[in-house]
Amino acid sequence: MNQRVLSERARRVIPGGVNSGQRSVPGLTDLVIAHAEGARIRDADGREYVDYHAAFGPPLLGHNDPDVAEAVAAAGRSLDLAGVGVTQGEIELAETLAELVPGIEKSLLTSTGSEATFHALRVARAATGRRLVVKFQGCYHGWHDSVSLNVISAPDRVGARDPISTGILPEVLEATLVLPFNSAEAVRRAFAEHGADIAAAIVEPVPHNVGCLLPEPEFLRTLREECTKAGSVLVFDEVITGFRHALGGWQQISGVTPDLTTLGKAIANGYPVGALGGRADLMDLFSSRPGGPAFFAGTYNGHPAVVAAALATVRKLRAEPVHEHVFALGARIREGLTAIFDGLGVPAVVAGYGSVFVAYFMTGPARTYTDLLRNDAEMFIGYRRRLLGHGVFELPLNLKRSHVSYAHTGADVDHLLEAAEQAARAQLA
Ligand code: PLP
């Protein structure tokens, strides 16, 4: 059945025709995906794309990595789900996270990143007895109420509370303070005024939900210092950065250690995972009994197939030069794109880190979310729509980042750069 027919069927029975916000993209509303392997995805009409969207980040090894797929299949043959006690795999994964991630002594598994950030804030409130949460403009931490505000805000909503959904109690939104990213001064001011009421500060150490804003060292250091002084819990949301930039996450790279860390996406290379880890004294507040200091539960937490995927992913990341490969390709892409846009006289800031890249169409700098308001969204989206015509898939939505995986090759990068030059020329014509 072709995509048009299938997507019409989808819209009749699935609200908006898709199962997650931002999977339906203007200009691509009939997209039905049939297959994914390595660096490629294929739609139901047989059109193939080199995939840089990468499902918003999980397949760091590439789609359907054979070692991960085999581990998942073997786990399924042995145990689907018991829902009582613990498995050896869960123990090994928790030991691995404690070994790899500087801020993790103990950890718990969830099925999504949103659940991990939800529980991070719950336990921070339980530990401190305080109400307020600090988040930063441009950061996304999932769909739950305390963090559902001020991600990609329109210019006139920056600086105001800007919920991403209706249906949220105003008192929940009021308990979240939104600060500009990379402003150590704003952090100092907020803690001077509200420090005694702040339960937690949560931050994407690299806000990849708006492409890539690299954190200034003073910013993360100040956040750490102010949280420590005020007795507030610092949460690094490493759902994107965890494993992708380093096995120990951005905290390993920056040397700033949070109290709690959330992980997801790349740690299981495409299987539904989230993890919350941190200081043992905080994590020990979670009790498996209702009425414990902080309640934590989930039918599918630590699912054997997902745990097997995560363990197989870590094994491969440790055994093979995955980071070297994706970092080298990422650097080549960023340098190549910069040269192309410079050559064409297009104002562009090609940002990113390691395997992540994004071309903003604007003049620099790109330090804060407010800077990104200068990005030419029409050019950003138009350029990416033209890339689709060359078989290159970068999500045609404003400010979205792209990723390379271990399955991408130098030839894929050559192809991307040729396509980029042609797409940019056509967009300018
Ligand atoms: N935190 C960050 C930084 C994310 O990018 C995301 C998802 O994009 C989440 C949390 C939520 O994760 P999930 O979609 O698995 O609930």
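- As recorded by an unreviewed UniProt entry, the protein carries the name Glutamate-1-semialdehyde 2,1-aminomutase and is attributed to Nonomuraea longicatena.
- Note on the protein: under the UniProt heading Cofactor (unreviewed entry), the record states "pyridoxal 5'-phosphate".
- Regarding the protein, the UniProt comment filed under Sequence similarities (unreviewed entry) reads as follows: "Belongs to the class-III pyridoxal-phosphate-dependent aminotransferase family."

## A few points about the overall build of the protein
- A tally of helices and strands in the protein yields 14 helices and 16 strands.
- Its C-alpha radius of gyration of 21 Å places the protein within 12% of the 22 Å reference for a compact globule of 429 residues.
- In terms of its C-alpha atoms, the protein occupies a principal-axis envelope of roughly 60 × 55 × 45 Å.
- Taking all 429 residues of the protein together, 48% fall into the buried category.
- Taking the intrachain contacts of the protein between residues at least 6 apart in sequence as the baseline, contacts between residues at least 24 apart amount to 73%.

## Notes on the pairing of strand β13 (residues 349-353)
- Extensive coverage of β13 is indicated by the burial of 5 of its 5 residues.
- Burial along β13 is two-sided: the residues V349, A351 and Y353 and V350 and G352 are all buried.
- Taking the residues that link successive antiparallel strands as the turn, the β13-strand β14 (residues 356-360) hairpin has 2 residues, and the phi of G354 there is positive, at about 55°.

## Things to note about helix α6 (residues 184-194)
- Three or more residues of α6 are buried, namely A186, V187, A190 and F191. The buried residues of α6 all sit within an arc of 130° when viewed along its axis, so they share a single face. For α6, exposure combined with an orientation more than 90 degrees from the buried face picks out E185, A192 and E193.
- Where α6 is buried, its residues contact β5 (132-136), β6 (176-179), β7 (198-203) and α7 (217-230).

## Details of the sheet that holds strand β1 (residues 33-37)
- Taken together, 4 strands build an open sheet; the order of strands is β1-β2-β3-β15 and the sheet is mixed. Edge positions in the sheet fall to β1 and β15 (392-393), since each of these pairs with one other strand and no more.
- As defined by bridge partners, β1 adjoins strand β2 (residues 40-43) across 4 bridges and the pair is classed as antiparallel. When the bridges of β2 are listed, I33 appears paired with D43.

## Considerations on the site of the ligand
- Around the ligand, the structure places 15 residues, and the nearest of them are T112, G113, S114, G142 and V239.
- By residue number, the principal contributor to the shell around the ligand is helix α4 (residues 113-128), which donates 3 residues.
- Its residues placed into classes, the shell around the ligand shows 4 nonpolar, 9 polar and 2 charged.

## A short note on the sheet that holds β14
- The sheet built from 3 strands is open, its strands ordered β13-β14-β16 with antiparallel pairing. Whereas interior strands pair on both sides, the edge strands pair on one side only; in this sheet they are β13 and β16 (402-403).
- Looking at chain direction, β14 and β16 are connected through 2 bridges and run antiparallel. Note that in β16 the partner of V356 across the bridge is H403.
- Each of β13 and β14 is contacted by helix α11 (residues 322-344), which is oriented at about 15° to β14, the strand it contacts most.

## Here we look at the nonpolar core
- Grouped together as the largest cluster of nonpolar side chains are 118 residues, with contacts concentrated most on A201, V233, V235 and A309.
- Two domains each donate at least three residues to this core, and these are domain 1 (3-64 + 321-428) and domain 2 (66-319).
- If near-sequence neighbours (up to four positions away) are discounted, A309 is found in contact with V68, A71, V72, A268, N269 and Y271.

## Remarks on the pairing of β6
- Burial of the side chains of β6 is restricted to one face: T176 and V178 are buried, whereas none of L177 and L179 on the reverse face is.
- In this structure, β5 lies alongside β6, joined through 4 bridges in parallel fashion. Paired with V133 across the two strands is T176, which belongs to β6.

## Points about helix α3 (residues 88-100)
- Over its 13 residues, α3 runs 18 Å from end to end, which matches the ideal 18 Å to within 8%, given 1.5 Å per residue.
- Of the residues making up α3, those classed as buried are G89, E90, L93, A94 and L97. Seen from one end, α3 has its buried residues packed into an arc of 135°, which puts them on one side. Exposed and facing more than 90 degrees away from the buried side of α3 are Q88, I91, E95 and E99.
- Against β4 (106-110), β10 (274-278) and α10 (304-319) lie the buried residues of α3.

The rules we used
Residues numbered from 1 in each chain as written. Predicted model: local features only at pLDDT ≥ 70, side-chain atom pairs only at ≥ 80, totals over all residues. UniProt positions renumbered as here; feature names shortened; annotations may be inferred. Helix = DSSP H or I, 4+ residues; strand = E, 2+ residues; numbered from the N terminus. Rg over C-alpha atoms; globule rule 2.2 N^0.38 Å. Buried ≥ 20, exposed ≤ 12 C-beta atoms within 10 Å, placed from the backbone. Contact = placed C-beta atoms within 7 Å. Pairing = 2+ DSSP bridges. Arc of directions from axis to C-beta. Near = placed C-beta within 6 Å. Nonpolar A, V, L, I, M, F, W, Y, C, P; charged D, E, K, R; others polar. Axes fitted to C-alpha atoms, helices over the stretch in contact; angles between N-to-C directions. Core = buried A, V, L, I, M, F, W, Y, C linked by C-beta atoms within 7 Å. Domains from an automatic or database assignment. Expected span 1.5 Å × (residues − 1).

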